[in-house]
Amino acid sequence: MLNRSICTAVLLVLSAVATAGDNAGFEAAYNAAEAARKKAADVEYEWNTTAPLLQKAQDAAAAGDYDKAITLAGEAKKQGELAYAQSRYEAKHWRDSEIR
Amino acid sequence: MVRILITAMSVLLFASSTVADPESDRKAFVNYFNKRFPNVATESYVNGIYALDKDAYEQWLDIEEFPPYEIAIEEGEQLFNTRFANGKGYADCFDKGGLGIRQNYPYFDSARKQVVTLELAINECREKHGEKPLGYKKGAIASLSAYMASTSRGNIFNITIPDKPALAAYEEGKQYFYSKRGQLNFSCADCHVSNASMQIRADKLSAALGHPTHFPVYRSKWGEMGTLHRRFDGCNKQVRANPQPAQGEAYRNLEYFLTYMSNGLEVNGPGARK
């Protein structure tokens, strides 16, 4: 009886530690994605697909699906980075398609 | 000495390739479409896609017999002639009482160093006289703009670039027009220059020349009137980019560039579009 109680307690503690770890992982991924989104937004190049991805990531985290949440945050981060890179490229090359 | 000459020539070459010459830009813009569509008269571009799509043009002519924007013109006239609470009206804010002036918008306000569109001027008039500003994309402002455009039909667009700050605003608008953006990596020019007349899903793409002349428009897709900045907003979203605020600096500068490109064409707004 005592052994079973100890096992249950250990499992609960391990589960809580794992959840806290997943949540911390998600928060790190989300914060990185939000920073990338904001960097693109600051130069007025944010894609309109990025904020919905971040919302989906939050929804997945709220439902406890941290793997999915971290994957979605990673996609959002990539979009933010690509949008910012797009802004830098266009700043140099927009005249290439100008009618002359 | 030789090095100095080479440096001077390099500077001159660099300058000539980067300094804007709006009139050369406009001529090149018009020539591009004239060469690409030799059977389309320049003045026809005010009709948007209907200048390039004969079948759609016939249907559009039928629509124009009972134009869906007529109600907006009537509503706009009523709003225009309704006095503000302080007894003043829109006519007090504009040259010529606000009638027959659409061809001069947008203009560059050198004192404030910014582009002023007709819709911005309408709201500034309201605020000057103690009224709340209107939303910029649809509704009352589209009706007011429609009425003012209707009183200007046939007048020729004559956008001026009076000084260096104006030229800088023009250049920013031009850069916006040619810059790719959004997840689809499309610029305004990609659709409305390079691919004008081409099919995109169920529709054909209009030419950028003449774009601003017929706004605001009643758009069948909207089922109501909308302003040019509402259309900019839609275009940006279609390429999966976050749109800029209507009447924000980016869209006002874009309108400035785009309307300058249509200098010499006539005001034919409001219009009806798919």
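Residues numbered from 1 in each chain as written. Chains lettered and ligands numbered in written order. Predicted model: local features only at pLDDT ≥ 70, side-chain atom pairs only at ≥ 80, totals over all residues. Heavy atoms only, no water.

### Considerations on the packing of aromatic side chains
All names here are of chain B.
- All chains considered together, the criterion is met by 22 aromatic pairs over all chains.
- Plain terms: the ring middles of Tyr32 and Phe33 are 5.1 Å apart, the flat faces sit at 90° to each other, and that makes the pair edge-to-face.
- A relative accessible area of 25% means that Tyr32 is categorised as partly exposed.
- Centre to centre, the rings of Phe94 and Tyr105 are 6.3 Å apart; their planes meet at 65°, and the pair counts as edge-to-face. (Phe/Tyr/Trp six-rings, centres within 6.5 Å; stacked < 30°, edge-to-face > 60°. Buried < 20%, exposed > 50% of the residue type's maximum accessible area, 1.4 Å probe, protein only.)

### Side note on the confidence of the model for chain B
- Mean pLDDT over chain B: 93, with 93% of residues reaching 70 or higher.
- This model gives residues 10–17 of chain B a pLDDT under 50, and the stretch forms 1 contact once residues within four places in sequence are excluded. (pLDDT = per-residue confidence, 0-100. Contact = heavy atoms within 4.5 Å.)

### Quick look at the state of the cysteines
All names here are of chain B.
- Tallied over the entire structure, the rule returns 1 disulfide over all chains.
- At a sulfur-sulfur separation of 2.1 Å, the disulfide partner of Cys93 is Cys125. The sign of the 70° torsion about the S-S bond sets the Cys93-Cys125 disulfide as right-handed. Note that Cys93 is positioned in the loop between helix H4 (70–80) and strand S1 (107–109) and Cys125 in helix H5 (residues 118–128), a separation of 32 residues in sequence. (Disulfide = S-S within 2.5 Å. Helix = DSSP H or I, 4+ residues; strand = E, 2+ residues; numbered from the N terminus.)

### Points about the interface of chain A and chain B
- Counting residues at the interface gives 16 residues for chain A, matched by 23 residues for chain B.
- Between chain A and chain B lies a buried interface of about 1,800 Å² when both sides are counted; carbon and sulfur atoms form 47% of it.
- The largest contributions to the chain A side of the interface with chain B come from Asn48, Trp94 and Ile99 of chain A, which together make up 36% of the buried area.
- Residue Glu98 of chain A is joined to Lys174 of chain B by a salt bridge in which the shortest nitrogen-to-oxygen separation is 2.7 Å. (Buried area = accessible area lost by both parts, 1.4 Å probe. Salt bridge = Lys/Arg side-chain N within 4 Å of Asp/Glu carboxyl O.)

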